[in-house]
Structures are given as C-alpha cells and as structure tokens.
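A structural walkthrough
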Amino acid sequence: MTEVVLEVRDLTVEFRSGGAWHAAVRGVDLAIARNETLAIVGESGSGKSVTALAVMGLVPPHNGRIAPGSSIRLEDRELVGLSERSMDKVRGDRVAMIFQEPMTALNPTMTVGEQVAESVRAHRGLAPAAAWKEAERVLDLVKVPSARRRMTDYPHQFSGGMRQRVMIAMALACQPEVLLADEPTTALDVTIQAQVLSLIEDLKREYGLGVLFITHNLGVVALIADRVAVMYAGEIVETARAEDLFHEPRHPYTEALLSSMPRVDRDIGELQPIQGNVPSIRDIGPGCAFAPRCALAQERCRSERPSLAATADGRALRCWVRGSLP
Amino acid sequence: MGEFLLRRVALAVPTLLLAMTAVFVLARVVPGDPALVILGDQASLEALAALRERLGLDRPILQQYLDFLLGILRGDLGRSLVTGKSVWAEVLAVIPYTIELTLAAIVIGVVLGVPLGVYAAVHRNALPDTLTRLFSLAGLSFPAFVSAILLLLAFAIELRWFPVISAPKVDDPLDRLRHLALPAFNIGLIMTAYVTRVTRSSMLNVLGEDYVRTARAKGIGMRAVLWRHALRNALIPVATVVGLYLGTLIGNSVLTEIVFNRPGLGKLILGALNQRDYTLLQGLMVFFAGFIVLANAATDIAYGIIDPRVRYK
C-alpha cells in the first residue's frame, strides 16, 4: 500500500449506559492512504459514525470514552490521549469531517462566509480580511455559484446541496490530509447526491486526500470507494477492494447486504431483506455478533468469537465458516 | 433589516389601538359614577354635573371614545384631577428614576445571568451547576418586597453602605448611583435568577445541536464554540424573558419604589390610586399600555437581530 495517512489500530469506543460501559466499536483496524477512498458500510448502529467521531476526538466525554490500548495515528502522530487543546490544532486543520444533515450542521445565526473563514483564521492565523478572501476562494473551489456575493448570506438561504458544498468548503478550507465524510449525501436528492459525490472525488484527486466515507448505501460505495470495510455491531467483518467485494462478497453479512440492495438488472421480488436487527451493544454474546441472523451459523460461531483474518489475496474476513477459503 | 423594522412597527399600531380601546372600555364599565366616586356621596348635584362635564362624561359614548383617541394622537393623556398638571408632566417628572432603575436591573440581570447560565450548562449536574440552580430558585421564590426589606436591613441599616431612603441629588451622578444600587440589585437579582435559568436550559439545548458539533470539528477551540456559536442561538429565549420582564416591571417597581421610598412611575400610580385621581390613572394606563406594546416590539426586533431567519420571513 502507498503512503498511509491515517491508521486506526484496535480502536474500542465505549459508552456508559445503565451504570456499565458497553463497547459500541470493538477492536477496529483501518488504514487510509493518500488519494484513497475507504468506505465504511453498515446498518444504523453498527458503529460507523462513532469510529469517525473517535478519530475527530469528538466522542462525548460525559458518557463515552476511547478504551485504553486504542491507537489512532495521523501520519506519525498519535491522536489518542491528546489534550483537548492539542486536538483542536489537529481537527479542522489536518483531519476534517462533514456531516449527514446539511440542514442542521450549519449555524443558522452566522453567515456562510464567517463559518468558512473562522477555521482559516483559527488554523492559519490569518487576519479577518485575508481569511475572508481565502474563504471566498474555497467556496469558489467547491463551486458555490457567485461565491463572493453569497458569503454574506445565511445557511437558510441555501439549498440542501449548496449547504453540503459549504460544509465541504469548511472542511477543506485548511487543506487537511484526511476527510471524514459521515453520510454526506444521504439527506440529498439523487441528482444532487451525484454532484456532491463527484465534487468529493475531484477534490480527493486534486489534493491527494485520504477519504473515509461512511454510508449505508452500497450504490454510493460502488461509485466512489477504492476499498470497503463492512461493519457489523461495532466490528469490521470484512475488508476488500470495492470491485472484489461486489464481485465476490465473502462474509455472510456482506452477502446479505448485497442481496438486500435493489438493482436495475433484477426484479424487486428477488430482494432479500436481512431478517432481524443489529443487536444492541448491551447484549452481544461470546460468539460471532452476526451468528443469530446468519444462515450458515454453526456451533462454534455461537460460542467463540472469530478474529479478522487477512487472506492471501489482500482481503480480510471475520468468519469461522468462510474464513477457511483462500 | 429596514423592511423588517417597518413591518414590526406597523404591527404595533393595531395592538396599540386595541389596548387603548380596552383602557377606555375598562374605565367605563367599572361600576359606579366616577364623579360620585371622586367627590364622595356628600357632593351636591350641581358639583357632580360640573365634574361630569369637565370629564366629558356627559357626552355620547362614541364622542367620548373619539375624543379619547384623538387626545392620545395629539399626545394629550389628560390632566390630573388632584394637581391639575397634565399626565405627561407628571410622568416626565418621575420617569427618569424608573428608566434608570429598569435599565440597571436589566444590565445586572444580563451581565450576571448570562455567564452564570452558560457556566451552569457547561458544568451540568456538577457542583457549580447545582449551586447556580439553587440560587436562581431562591431568586425566583423571593417576593420583591421581602428581598427589598432584607437588602435594606443588611446593607443600609447594619452595614450602612447605602442610604435607607432614596432621595438622590439629581446633579450628582455618584450619589445617584449610590441611591440606585440597592433598588437596582433588588430587581436585578430577581432578573438574574430568571436569566440564569433560561440561559442554562437554552444552552443545554443548543449544545446538543449538530452545528455545535460542526463547530467543534473545526477545531476553533471550546471558547469560540461556546461564545460565538452556541450562545447566540441560545439568546432568543433570553430575549423573550427580558421582554416579558419589562411587562412585570410595573408590579416589581411599584413594590420596590415603595419599600425604598423612591420616586418613580410605581409611586405615581400608587398615589393616583390612593387619591382616586381617575384621570391620572387613565392616562397612566394608556402610558403603560403603550410602553408594553413598544417593549414587545423591541423584543421582536431583538429576535431579528439575533436570528436572521426571523428577519427574512
């Protein structure tokens, strides 16, 4: 693999609920290289967003924590355990994040220009006027039409797609190495989705960004991902190059996800929804977390937890049944 | 913003008209003949008729209503029956005291209440938060006249830091401040209690918003997140409380002005009640109604300044 910019090792994030700590993310390993898009796919509650928030150092401190032994390295710098103040120098500058809801993720009482300019001001130490000019340049870059005029407008005067462009401008204002995108297109119309995706793709190529793209939409994955990590109940169950994953899903859960996805070349009647729900983080048994919903589950799957094992062809799989395959 | 201002002020006109009509009707439906009430039941019929004529009560009701409205339009609120001075003159003589008391109370309430509320919200459920909540509950539970007496006992009688009776020398600003301090704190601390509570709960709401997380993700520092991003959005309910408080000001300032023996609108209204100064009362009601309508308009305009979405609707 080429130059890795973000490397997550054995990340465990726990939340307190009813007096006890429960892991919402368990032992996640990830690596993102420059100019690469890694997609994390999974259902709601699988721990995708929590993983991204942990990288940003935004796990809510009053009821959440990153467990000891976890490591998040940005190039050669360890982020776990950094003080709030040191973390503020990293986030928004070297790692940036865009969120799902462009309607609520922008401050309604500040102009768009101020919101983009303030991160430049904070991280580049630019004077207000210079920061304002820089914000204009970035808004131009993300193709907000007549950016100069629109900078004094407020978020509610923008459409959903334009707001997401503003979010992207805010994130990229300081030219970070890594962009975390948490379902950035889910709330948008399909046509606008495509525009925003291709914008992210263009910017990735232009700046050599490492992109962590969180989504539950496999169609989006097919469009933009170089590699895919499938998450289930807080764990990664399979990683593979995107085309390999679509071509030959190995984990029963990945397989089930793919057959539950509508496709133009198949009849809607052939869709197979996955039975049951993602288990709550409070009642995951000793075995494989997917076992209760898995058609292939055997005795061992229920009693013993499989680990994520690398395969010879550069993929990784967490499954007792399929793990023995090449 | 200009158009928004115009629209909001225009909206105040019908409200004002309604309030004036209410004052007019109220004064007429109160049982008993005003002339009889003023002069007492020993008065001669001639005297009663003369007074009715002076008050315009002998004219048809619609005529009275029109005269009343036209009078207000000309800025004529009538004359006091007791002193013979115009209501405006009576109001103008004391209003600087009330304005200075109100402004001081609001400044104390906002300057103390907003930071306390923010602090409590950031440290929610920790000790400082509990203390702040306890303090604000105490502030809300104390009637203004009780706290006024306690303040007087402690700071004027025991410690002798401040005068017991407020009769400031008008042209000595320091002396005025000294006389203002206790009454202003009396109302200001109640105001602080309100503002603290509202700021705390509204900050708690805002801190859970997505845009606060976005702001944190920008790495601009917690201080900027709190004061630049969160507080402004949290201020709308605070503006509402301050605006509403202007309305309850009459009650609180009456009590405070009596306990501290301070001149002001409160004492003026009390005097009018005691002396059955019917025309002064009606004039004061018009004045207060107008004041409250304007205070509400000012509150709405404050919303517009805080939240751009209000402006463009």
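Structure's up top.
Residues numbered from 1 in each chain as written. Chains lettered and ligands numbered in written order. Predicted model: local features only at pLDDT ≥ 70, side-chain atom pairs only at ≥ 80, totals over all residues. Heavy atoms only, no water.

**Quick word on the overall build of chain B**
Which entries qualify depends on this criterion: The helix and strand labels rest on DSSP assignments: H or I over at least four residues marks a helix, E over at least two residues marks a strand, and numbering proceeds from the N terminus. Using a 1.4 Å probe on the protein chains alone, a residue whose accessible area is under 20% of its type maximum counts as buried, one over 50% counts as exposed, and one in between counts as partly exposed. Contact criterion: two residues are considered in contact whenever any of their non-hydrogen atoms come within 4.5 Å of each other. For the area figures, the Shrake-Rupley method with a 1.4 Å probe applies, and any residue is considered shielded solely by the protein chains shown. Residues counted as positive are Lys and Arg, residues counted as negative are Asp and Glu, and His and the chain ends are not counted. Every charge is mapped to an atom, namely NZ of Lys, CZ of Arg, CG of Asp or CD of Glu.
What chain B contains, in helices and strands, is 13 helices and zero strands. Listing each helix as α and each strand as β along chain B from the N terminus yields α-α-α-α-α-α-α-α-α-α-α-α-α. Along the first, second and third principal axes, the C-alpha set of chain B runs to 80 × 55 × 35 Å. A burial count over chain B gives 45% of its 313 residues as buried. At a minimum sequence separation of 6, the contacts of chain B that also span at least 24 residues come to 72%. Accessible area for chain B stands at about 16200 Å²; split by element, carbon and sulfur atoms hold 69% of it. Looking at charge distribution, chain B has the averaged site of its 29 positive side-chain charges lying 12 Å from that of its 21 negative ones.

**Regarding helix 3 (residues 112–124) of chain A**
A turn of α-helix holds 3.6 residues, and therefore any two residues three or four places apart point the same way. Here is the rule we go by: Multiplying 1.5 Å by the residue count of a helix minus one yields the expected span of that helix.
Between its first and last C-alpha atoms helix 3 of chain A spans 19 Å; for 13 residues at 1.5 Å apiece the expected length is 18 Å, and the two agree. What helix 3 of chain A keeps buried is the set Val-112, Gly-113, Gln-115, Val-116, Ala-117, Glu-118, Ser-119, Val-120 and His-123 of chain A.

**Section: the sheet that holds strand 12 (residues 309–310) of chain A**
All names here are of chain A. Heads up, the condition is: Here, strands pair whenever DSSP counts at least two bridges between them. Think of each axis as a best-fit line through the C-alpha atoms, taken over the contacting stretch in the case of a helix, with angles from 0 to 180 degrees between the N-to-C directions.
Strand order in this open sheet of eight strands is 7-8-9-3-10-11-13-12, and the pairing throughout is mixed. Edge positions in the open sheet fall to strand 7 (95–98) and strand 12, since each of these has one partner strand only. Against the sheet, helix 10 (residues 252–259) touches strand 3 (36–41), strand 10 (227–232) and strand 11 (235–241), its axis set at about 100° to strand 10.

**With respect to the packing of helix 5 (residues 87–122) of chain B against helix 6 (residues 127–141) of chain B**
All names here are of chain B. Selection criterion: Roughly parallel covers angles under 35 degrees, roughly antiparallel covers those over 145, roughly perpendicular covers 65 to 115, and oblique covers all other angles. For any pair of crossing helices, the crossing counts as left-handed if the nearer helix is rotated counterclockwise from the farther one by less than a right angle, and right-handed if it is rotated clockwise. Amino acids are sorted into nonpolar (Ala, Val, Leu, Ile, Met, Phe, Trp, Tyr, Cys and Pro), charged (Asp, Glu, Lys and Arg) and polar (every other residue, Gly among them).
Look at helix 5 against helix 6: their axes get within 8 Å of each other, and the N-to-C directions meet at 135°. If you check the angle between helix 5 and helix 6, you find them oblique. Crossing of helix 5 against helix 6: the hand is left-handed. Only Pro-128, Asp-129, Thr-132 and Phe-135 of helix 6 make contact with helix 5, whose side of the interface consists of Leu-116, Tyr-119 and Ala-120. For the contact of helix 5 with helix 6, the class distribution of residues is five nonpolar, one polar and one charged.

**Notes on the packing of aromatic side chains**
What counts here: Planes of paired rings set the category: under 30 degrees apart is stacked, over 60 is edge-to-face and the rest tilted, where pairs are Phe, Tyr or Trp rings (Trp by its six-membered ring) whose centres lie within 6.5 Å. We call a charge positioned above a ring when the Lys NZ or Arg CZ atom is no farther than 6 Å from the ring centre and deviates by at most 35 degrees from the ring normal.
Enumeration over the complete set of coordinates arrives at eight aromatic pairs over all chains. When the centroid spacing of 5.7 Å and the interplanar angle of 40° are considered together, the rings of Phe-155 of chain B and Trp-161 of chain B count as tilted. Members of the aromatic cluster, each reached through a chain of ring pairs, are Tyr-232, Tyr-253 and Phe-290 of chain A. Positioned above the aromatic ring of Trp-21 of chain A is the side chain of Arg-65 of chain A, whose terminal nitrogen or guanidinium carbon lies 3.9 Å from the ring centre. One Lys or Arg, Arg-150 of chain A, reaches over the ring of Phe-158 of chain A and ends 3.9 Å from the middle of that ring.

**Some thoughts on a nonpolar patch on the surface**
Residues and elements named next belong to chain B. Stated formally: Exposure above 30% relative accessible area and no salt bridge define the residues that can form patches, which grow by joining like charges within 9 Å and nonpolar side chains of Val, Leu, Ile, Met, Phe, Trp and Tyr within 5 Å. The working definition used for a salt bridge is a side-chain nitrogen of Lys or Arg within 4 Å of a carboxyl oxygen of Asp or Glu.
Residues Phe-142, Phe-145, Ile-149, Leu-150, Leu-153, Ile-157, Val-164 and Leu-255 make up a contiguous nonpolar surface patch of roughly 650 Å² in combined accessible area. With five residues, helix 7 (residues 144–158) is the single largest residue contributor to the nonpolar patch. The topology assignment puts Leu-150 in helix 7. Given a relative accessible area of 43%, Leu-150 falls into the partly exposed group.

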